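# Geometric and topological summary
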Amino acid sequence: MGTAEKIILGIVLTLAIMCYVGPMVAAICIEEKERKKRGEPAHQKVLYDERQKMVRLQAALFALISLCGYLVLWMVLHLGGWFEWTSAVVELIFCGFMFAATVGAGYCVLNDASIGWNQKPETVKAQKILYVVYGFAFPVYAGAQDGSFSAVFIFVAICMWTMAVVTFYADHRRKKREKFVCEEE
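Being a predicted model, the structure only gives us computed values, none of them experimental.

## A word on the overall build of the protein chain
Summing up its helical and strand segments, the protein chain has 5 helices and 0 strands in all. In the protein chain, the order of α-helices and β-strands from amino to carboxyl end is α-α-α-α-α. Each of the 185 residues in the protein chain was classed as buried or not, and the buried ones make up 30%. For the protein chain, the share of sequence-separated contacts (at least 6 apart) that also reach a separation of at least 24 residues comes to 69%.

## Concerning the nonpolar core
In terms of nonpolar packing, the biggest core is built from 15 residues, with Met-98, Val-109, Tyr-131, Val-156 and Met-160 touching the most fellow members. Contributions of two or more residues to this core are made by helix H2 (48-80), helix H3 (89-110) and helix H5 (148-184). By residue number, the principal contributor to this core is H5, which donates 8 residues. Excluding its chain neighbours within four sequence positions, the residues that come into contact with Tyr-131 are Met-160, Met-163, Ala-164 and Thr-167.

## Thoughts on a nonpolar patch on the surface
A contiguous nonpolar patch, built from Val-72, Val-76, Trp-82, Phe-83 and Trp-85 and spanning about 520 Å² of accessible area, is present on the exposed surface. As for its placement among the helices and strands, Phe-83 is situated in the loop between H2 and H3.

What counts and how
- Residues numbered from 1 in each chain as written.
- Predicted model: local features only at pLDDT ≥ 70, side-chain atom pairs only at ≥ 80, totals over all residues.
- Heavy atoms only, no water.
- Helix = DSSP H or I, 4+ residues; strand = E, 2+ residues; numbered from the N terminus.
- Buried < 20%, exposed > 50% of the residue type's maximum accessible area, 1.4 Å probe, protein only.
- Contact = heavy atoms within 4.5 Å.
- Core = buried A, V, L, I, M, F, W, Y, C linked by side-chain atoms within 4.5 Å.
- Patch = residues over 30% accessible without salt bridge, like charges linked within 9 Å, V, L, I, M, F, W, Y side chains within 5 Å.
- Areas by Shrake-Rupley, 256 points an atom, 1.4 Å probe, with all protein chains shown as cover.
- Salt bridge = Lys/Arg side-chain N within 4 Å of Asp/Glu carboxyl O.

Here is the structure:
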């Protein structure tokens, strides 16, 4: 691929991403203005269920932005020709989706909007256990894989460990907040 083709491909991909994200941002701004016209409360003052929906939408937006950033980074590295592993399309796409899912789920957990989070203590314990177990299981499977698939399994294990840390931190923060509220009363 020639230099001109790389530049054109980079410009086209950038425009494609902007065409996808631009209308979404415009729709969010229009909805915010319409909500103000209707006299509905601001984000901080909405009811809990509505707050959860808004946080999930923000998490989805952050996941999309992180996926776009990941794809742009991959594009730059691939078009630069600095690394040979950037041609492993299937593996890198899977890692990108896993990265976006980790960003979205982590944001929801940190803002108490994850489905099932804070509703039943058993659910939180099960999520923590699963993240830790999968964090150990994927590196074991990585040893049995060849080449770039082993790197994918290691990346998934890192994502699972990240989610485990996020859930432990969010649970600790929630317990600390409950303890502080109990001491005030």
